[in-house]
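Structural characterization, general
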Amino acid sequence: MKTSLRLLPLLLLFVLCGCYRILPSNGGGQGSIRTEARPINPDDIALPAGYSAEAVATGLTFPTAVAFDEQGRLHVLEAGYSYGEVFLEPKLLRVEPGGSLTTVATGIKNGPWTGVTFHNGNFYVAEGGEMLGGKILRISPDGNITSLIEDLPTMGDHHTNGPVIGADGMLYFSLGTATNSGVVGPDNYDYGWLERYPDFHDIPCQDIVLVGRNYTSNLPPEPKSEEHVTGAYSPYGAATTPGQVIEGRIPCSGAVLRMLPEGGAPPELVAWGFRNPFGLAFSPAGQLYVSDNGYDVRGSRPVWGTGDYLWEVEQGQWYGWPDYSGGLAFNGDRFAPPGEEPPQPILAQHPNKPPKPVATLGVHSSSNGLDFSRSDAFGFKGQVFVAQFGDLAPGVGKVLAPVGYKVLRVDVESGVVTEFAANEGKIVAPASKLKNGGFERPISVKFSPDGESLYVVDFGIMETGEGEDINPVVKTGVIWKITKTKPSL
Amino acid sequence: MKRCFLLSVGFFLLLMLSYCGTARRGVPMFDPVDIENQAVAQGEKVYMSYCQKCHPGGEAGLGPAINNKPLPGAMIKFQVRNGLGMMPAFKEEVIPDEELDNMVAYLKTLRKAKEE
């Protein structure tokens, strides 16, 4: 009795603080995932009172974005690439009334096509560039593809994203980083690209000075004794020295750039220090916002517990990658993975103190496409809607429950985040895990030209196993349309 | 010591039991969280800045759910200040006492949100 008496408070402490280390990861792609079919049932999506959802296109392979032409006709991109190293032909498709699909243009196996916008009679598409480097393409309504810029350095973990057109008439796009946190390592080999591009690495937008920290690793097929020493912003196996200067150039990694929509001139830097700025959107007042995917717990420099962020983009600013997360410096043990050393800074000087984020979003939520509501008919005018693809645990790190898999709305003034649409159930998870007919992985959102409907692009089923084992399922992508059926009180 | 024992047993049982209920609160599944109260509204912003990323909406994510267990305010505060386990601690310089009180008020309001 006496001992159990003393043990109980301990037990309580254990319940409080022992869970995370002991519990297994339970990401949305883990466990029993239904991959053989994708039933559709809009009633399985919880929406605010007065809204309803319907599926307007199904059977898509890796859809990433939608746009409307001048006649208001809905078009969708099929990415043509997915994590899990699936290379297919990317496509721009028109969704006919009734849901049948007409191919407008077919690209080469250099996806993923990550974003599309319609402007002055043409489609503008960001070609991710996993195989050959990123591009910005102009696609005419009859399907002619012209490349406006090529060789963007995005053959790594993250791709060329965007584009959106600003009030200044310029085309804004973004480039994700090559790596998780600045150092090429075995995780990049697992992703597949390090074998294709053994010398590829991150590129700063301005000259940077390194602390000279190096990381030792070896690649999976090699014996453990085969060690490589790699520094930041350097090819795999290239060590760096204290005070070493890495020359900046444009285009660069983790940046938002802009160019003339007709091409011809080199792109200009807007801002950098992002990791994977996937979603770009201008607010009704003309301010640019981006969503940024935070660090993963992988590779030679793993970082734990960092959120995804929504940023207001200010000209010329550096937003903190690879030494800050959400405006917080890597200067303590806060970002240390369980039982490991915390990440140490790799830059000897920082270009500026990074700004504060507009909103903080779930760790590993993969917060992606954005769009602002501009209409009272839909509601929440001035708020930004965010599509969350959902975690890729355990490859990106451990989570106790699925993170993301929903559409949020954010009040950009207060930073308050509210769930707008997510599957019914005790927890939010993809339909393939919950075994219902709702969302899998929302990747982008777009309001119709009249602002009255919100289109949600749902990438489809993606199962995740140990490490970088990722299994995306073709022909399971869906476009959902959400409308307000009852006026607000 | 006796009281401590009983309290511990009580908490322990409550914690164990409460792991069963859903941690979802607020729209769209539940009634909106009432943030009329200024302290609660400010507490929501504090929560959004420091906690949301690991406990989205008070549900589990990277960290465990906090909506579905009857954690007393003092225990929430203890956890925030000391960061037991893997959770980082947040000291007074980061979240002042008053903001922490407001955040706890917000969490309690959130927890009470009714199902639609």
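Residues numbered from 1 in each chain as written. Chains lettered and ligands numbered in written order. Predicted model: local features only at pLDDT ≥ 70, side-chain atom pairs only at ≥ 80, totals over all residues. Heavy atoms only, no water.

What follows covers the overall build of chain B. Assigned secondary structure in chain B consists of 4 helices and 0 strands. Secondary structure elements of chain B, listed N to C terminal, follow the sequence α-α-α-α. Restricting to contacts in chain B with at least 6 residues of sequence separation, those with at least 24 account for 65%. Total accessible area on chain B is roughly 5,800 Å²; 61% of this is exposed by carbon and sulfur atoms. (Helix = DSSP H or I, 4+ residues; strand = E, 2+ residues; numbered from the N terminus. Contact = heavy atoms within 4.5 Å. Areas by Shrake-Rupley, 256 points an atom, 1.4 Å probe, with all protein chains shown as cover.)

Let's shift gears to the packing of aromatic side chains. Counted under the stated rule, the structure contains 31 aromatic pairs over all chains. Where A:Phe439 meets A:Trp480, the ring centres are 5.8 Å apart and the plane angle is 75°; that geometry is what we call edge-to-face. With a gap of 41 residues between them, A:Phe439 in the loop between helix H5 (431–434) and strand S31 (442–447) and A:Trp480 in strand S35 (residues 477–484) connect regions that are remote in the sequence. Both residues of the pair, A:Phe439 and A:Trp480, count as buried. An aromatic cluster of at least three residues, connected via ring pairs, comprises A:Tyr51, A:Phe378, A:Phe380, A:Phe385, A:Phe420 and A:Phe447. The positively charged end of A:Lys398 is found above the aromatic ring belonging to A:Tyr20, 4.9 Å away from the centroid. Across from the ring centre of B:Phe30, 5.6 Å away, lies the NZ or CZ of B:Arg25, which sits over that ring. (Phe/Tyr/Trp six-rings, centres within 6.5 Å; stacked < 30°, edge-to-face > 60°. Buried < 20%, exposed > 50% of the residue type's maximum accessible area, 1.4 Å probe, protein only. Lys NZ or Arg CZ within 6 Å of the ring centre and 35° of its normal.)

All names here are of chain B. Applying the stated criterion to the full structure yields 1 disulfide over all chains. Unpaired in this structure, cysteine 51 has its nearest cysteine sulfur neighbour in cysteine 54, at a distance of 8.7 Å. Look at cysteine 51 and you get buried, because its relative accessible area is 12%. (Disulfide = S-S within 2.5 Å.)

We now examine the sheet that holds strand S23 (residues 308–312) of chain A. Whether parallel or antiparallel, the strands of a sheet pair through hydrogen bonds between backbone atoms. Residues and elements named next belong to chain A. Strand order in the open sheet made by the 4 strands is S21-S22-S23-S26, with antiparallel pairing throughout. Looking at strand neighbours, the two that pair on one side only are strand S21 (277–282) and strand S26 (359–361), the edges of this open sheet. Shown here is a sheet whose adjacent strand axes are inclined to one another by a mean of 20°, direction ignored. Alignment of S23 against S26, held across 3 bridges, turns out to be antiparallel. Bridge pairing in S26 links aspartate 308 to leucine 361. (Pairing = 2+ DSSP bridges. Axes fitted to C-alpha atoms, helices over the stretch in contact; angles between N-to-C directions.)

It is worth stressing that arrangement in space is one thing and function is another; only the former is reported here.
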